[in-house]
Amino acid sequence: MACVGLMSAPVCLIESDENGKLCVRKQAKDILDGINEPAVVVSVVGLYRTGKSYLMNRLAGQQSGFALGSTIESKTKGIWMWCVPHPYKEGHTLVLLDTEGLGDVEKGDEKHDTWIFCLAVLLSSTLAYNSLGVIDNMALEKLHYVTELTENIRVKAEGSRGEDESADFMRVFPAFVWAVRDFTLELKRGDDPITSDEYLEGALTLKPGNSPQTERFNLPRRCLRNFFAVRKCFVFPRPSSTQNMRRMEELDEEDLDSEFLEQAKTFCRYIYDNADPKVVCGGRTITGTALGNLAEVYVEAICSGKVPCLENAVVSLAKIQNVRAVDQALMSYMTELLSMAQLPMDPADLSNIHTVAEKKAIEGFVTMSFNDNDQIYQQELMRKIHNEYEDMCLQNNQASQMQCEAVLREVFDTLEKGISDGLYLKPRGYRQYRDMLAQLAKEYRARTQSQIMCEEVLSLHLKAKEEVGNMILQADGSLSAAEQEKEVQRLKNEILEQRQKGLEEQNRLQEQAFKDMQRTHDEHLNQIIHQMEREQERMRIDNERVLDAKLKEKETLLQQGFQREAARMQREIDSLKAEMNEQETSQPSTVSKVMDGIGTAAAFVLPGFIPKVAGMGLSLLSRWFR
């Protein structure tokens with residue numbers, strides 16, 4: 001199945017620089033930075049010249065891509081990456097990592113090989129180990145890198161190593177798939193046929209005894225059984241003749257052995273169906289962006305001479321991811337807001353646009369954010385979004401005010417000219433002035449009724465004309481003193497009524513602002529709780545997977561007569577069950593803590609937000625008291 005998209009060919013993700021130190025290539029990091037989907041990461045490791053790259057090309061749905069080579073020299077150097085759309089899981093990216101062949105005699109750097117193997121384990125959600133021939137003691141001895149994992153990888157930053165350490169590794173280590181190439185044996189135990197999985201588990205059977213030789217024999221087997229909860233095996237016959245093997249990239253499917261082809265298709269289907277997205281401590285799913293950052297964190301630890309620690313990596317990754325998550329979420333919000341808002345506009349319409357933009361931004365933040373347990377970064381995002389929304393509301397008020405003032409000048413221009421020309425300074429001139437004022441106010445309202453600053457601008461104008469009205473009233477000799485007094489009071493009442501309309505207009509803005517804040521609070525809370533539920537469900541699944549593996553291992557140990565080992569496994573099972581129960585009972589308090597955190601953020605934003613939204617109108621109204 002061809003998976004075209006993201007990348008047309010692999011690029012180097014991790015290589016050695018001129019000083020022999022590992023480094024992450026910027027080109028690959030930039031590609032990962034652009035992937036915000038969950039990453040299903042499949043790595044292949046194994047001895048050099050065993051055909052690892054061919055399997056990865058098959059997973060990419062291509063005949064060529066990762067270099068195959070046809071000589072005794074190792075072709076792949078460092079770790080190469082190919083990102084393609086996942087063929088089965090929509091909204092996921094399949095990240096294929098092809099590693100440098102282990103045990104290259106020309107290279108002769110055992111520590112370098114160890115770190116390549118460790119990085120493959122740390123970065124992948126499924127690890128495929130590729131070997132030739134059979135799974136025997138020699139094959140397992142060549143897989144000695146797995147016995148060094150606990151020396152080169154730490155799960156927790158602090159605390160002593162106990163006998164239950166394997167549970168920590170099991171939660172975060174990838175599924176293990178052993179691909180045995182050029183397999184020529186019959187899958188039988190005695191006269192009974194067995195599956196390839198049973199073949200692998202049989203090869204991992206422990207020997208009884210405590211001698212150094214027995215311990216050496218059991219060590220790689222025990223490590224595979226204790227560190228990898230999911231184990232799978234595929235056996236492949238030789239794909240073609242020796243001559244054809246030298247030009248594998250050029251061969252059509254009809255040139256390959258049919259059984260090999262069928263097994264390769266079965267292998268790919270299994271990976272597509274069963275390889276999960278990459279997760280780290282706490283059940284957090286990794287996106288392409290986070291994977292690139294994680295690679296840099298691990299490589300930096302290795303280069304500084306430290307043992308890569310998963311818990312520390314999560315802390316470092318959280319800071320990198322969360323800063324970026326806030327920036328990108330804010331950018332998303334502003335892009336959406338600016339593209340849809342056409343000022344001036346109805347505050348309710350602007351609020352709806354804000355809601356859509358904010359929801360999209362929060363979804364992006366929650367997807368990208370990492371380990372923000374105290375909601376520090378989410379609170380920062382809330383504040384920044386509301387600062388931007390507040391500015392947009394003020395701009396909307398200003399745009400509305402400018403438009404209302406322009407209409408007012410145009411509508412009242414006739415009145416202004418009449419006043420300038422002294423048209424109303426005559427008997428019965430006041431009534432003419434008053435009627436014209438009422439007529440023009442009606443026309444103004446008809447033209448600006450959709451504007452949020454309509455009444456305030458008119459209020460300010462009428463207040464400014466109060467002195468002019470009184471002057472015209474006093475000049476009108478047709479009115480008695482009593483009638484003039486009555487008109488003065490009526491004029492004051494009209495101005496006060498208009499002032500009240502302006503205040504009501506601002507009250508509506510404040511009510512809208514409160515609604516926006518409540519909606520923001522609810523949206524942030526819902527998103528973070530849903531994310532926590534997803535992470536807790538993933539942790540539950542991981543714990544159950546580990547528990548199931550340990551229960552099976554205990555039964556196997558009992559059947560094989562390892563009573564002491566089985567008792568140790570039972571203690572690990574009891575400890576794991578207690579931990580699972582503690583996680584389940586702590587969920588309500590965690591949710592309560594989140595609610596308090598989001599509520600605190602809202603409390604900080606709300607007092608400053610409401611006055612500023614209505615601040616422009618209030619500043620206009622304050623002129624009444626000058």
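Please refer to the structure higher up on the page.
Residues numbered from 1 in each chain as written. Predicted model: local features only at pLDDT ≥ 70, side-chain atom pairs only at ≥ 80, totals over all residues. Heavy atoms only, no water.

Caption draft 1: Here's a closer look at the environment of Ala361. Summarising the element assignment, Ala361 is placed in helix H13 (residues 347-368). Here Ala361 falls in the buried class, since its relative accessible area comes to 0%. Taking the C-alpha atoms as reference points, Ala361 and Met334, separated by 27 residues in sequence, lie 9.0 Å from one another. Once residues lying within four places of it in the same chain are set aside, the contact partners of Ala361 are Ala329, Ser332, Tyr333 and Ile385. (Helix = DSSP H or I, 4+ residues; strand = E, 2+ residues; numbered from the N terminus. Buried < 20%, exposed > 50% of the residue type's maximum accessible area, 1.4 Å probe, protein only. Contact = heavy atoms within 4.5 Å.)

Caption draft 2: Here's a closer look at the environment of Leu123. Tracing the backbone shows Leu123 in helix H3 (residues 110-123). Sequence separation between Leu123 and Val279 is 156 residues, and the spatial gap between their C-alpha atoms is 9.2 Å. Those residues in contact with Leu123, other than ones at most four positions away along the chain, are Ile14, Val41, Leu97, Lys278, Leu291, Leu294, Ala295 and Tyr298.

Caption draft 3: Inspection of the sheet that holds strand S10 (residues 231-235) at higher detail. On the basis of which strands lie adjacent, the open sheet formed by eight strands has the order S2-S1-S4-S5-S3-S6-S7-S10 and mixed pairing. With one partner strand each, in any of the chains shown, strand S2 (22-24) and S10 form the two edges of the open sheet. Neighbouring strand axes in the sheet, compared pairwise and without regard to direction, differ in orientation by 20° on average. By the bridge criterion, three bridges tie strand S1 (residues 11-16) to strand S4 (residues 79-85) in an arrangement that is antiparallel. In the strand pairing of S4, Cys12 is matched with Trp80. In the packing of helix H2 (residues 52-59) onto the sheet, the strands contacted are strand S3 (39-46), S4, strand S5 (93-99), strand S6 (126-132) and strand S7 (175-181), and the crossing angle to S5 comes to about 170°. (Pairing = 2+ DSSP bridges. Axes fitted to C-alpha atoms, helices over the stretch in contact; angles between N-to-C directions.)

Caption draft 4: Spotlight on H3. Between the first and last C-alpha of H3 there are 20 Å, a value that for 14 residues agrees with the 20 Å anticipated at 1.5 Å per step. Among all positions of H3, only His112, Asp113, Thr114, Trp115, Ile116, Phe117, Cys118, Leu119, Ala120, Val121, Leu122 and Leu123 are buried. (Expected span 1.5 Å × (residues − 1).)

Caption draft 5: Just helix H10 (residues 258-274), in detail. In a regular helix each residue adds 1.5 Å, so 17 residues correspond to 24 Å; H10 covers 24 Å between its end C-alpha atoms and thus fits that length. Within H10 the residues assigned to the buried category are Phe260, Leu261, Gln263, Ala264, Phe267, Cys268, Tyr270, Ile271 and Tyr272. Those residues of H10 hidden inside the fold are in contact with S3, H2, S5, S6, S7 and S10.

Caption draft 6: View of the nonpolar core. Within the largest apolar cluster, 101 residues are counted, with the highest numbers of intra-cluster contacts made by Met81, Phe117, Leu149, Trp178 and Phe267. The dominant element in this core, judged by the number of residues it contributes, is H3, at nine residues. Residues within four places of Phe117 in sequence aside, it is in contact with Val45, Leu102, Leu127, Leu143, Tyr145, Val146 and Leu149. In terms of nonpolar packing, the next biggest core, distinct from the first, is built from 23 residues, Phe365, Val366, Leu381 and Tyr389 among them. (Core = buried A, V, L, I, M, F, W, Y, C linked by side-chain atoms within 4.5 Å.)

Caption draft 7: View of the layout of surface pockets. Size it by volume and the largest pocket reaches roughly 1200 Å³. Considering the residues around the largest pocket, the lining is formed by 41 residues, among which Gly282, Gly283, Arg284, Met539 and Gln583 are closest to the centre. Broken down by element, the lining of the largest pocket gets its largest block of residues, 11 residues, from helix H19 (residues 481-559). Here the lining of the largest pocket is composed, by residue class, of 13 nonpolar, 13 polar and 15 charged. (1 Å grid on protein atoms, 1.4 Å probe; cavity = no way out; pocket = protein on both sides within 12 Å on 5 of 7 lines; lining within 4 Å. Points joined across faces, edges and corners; volume = space filled by probe spheres on them. Nonpolar A, V, L, I, M, F, W, Y, C, P; charged D, E, K, R; others polar.)

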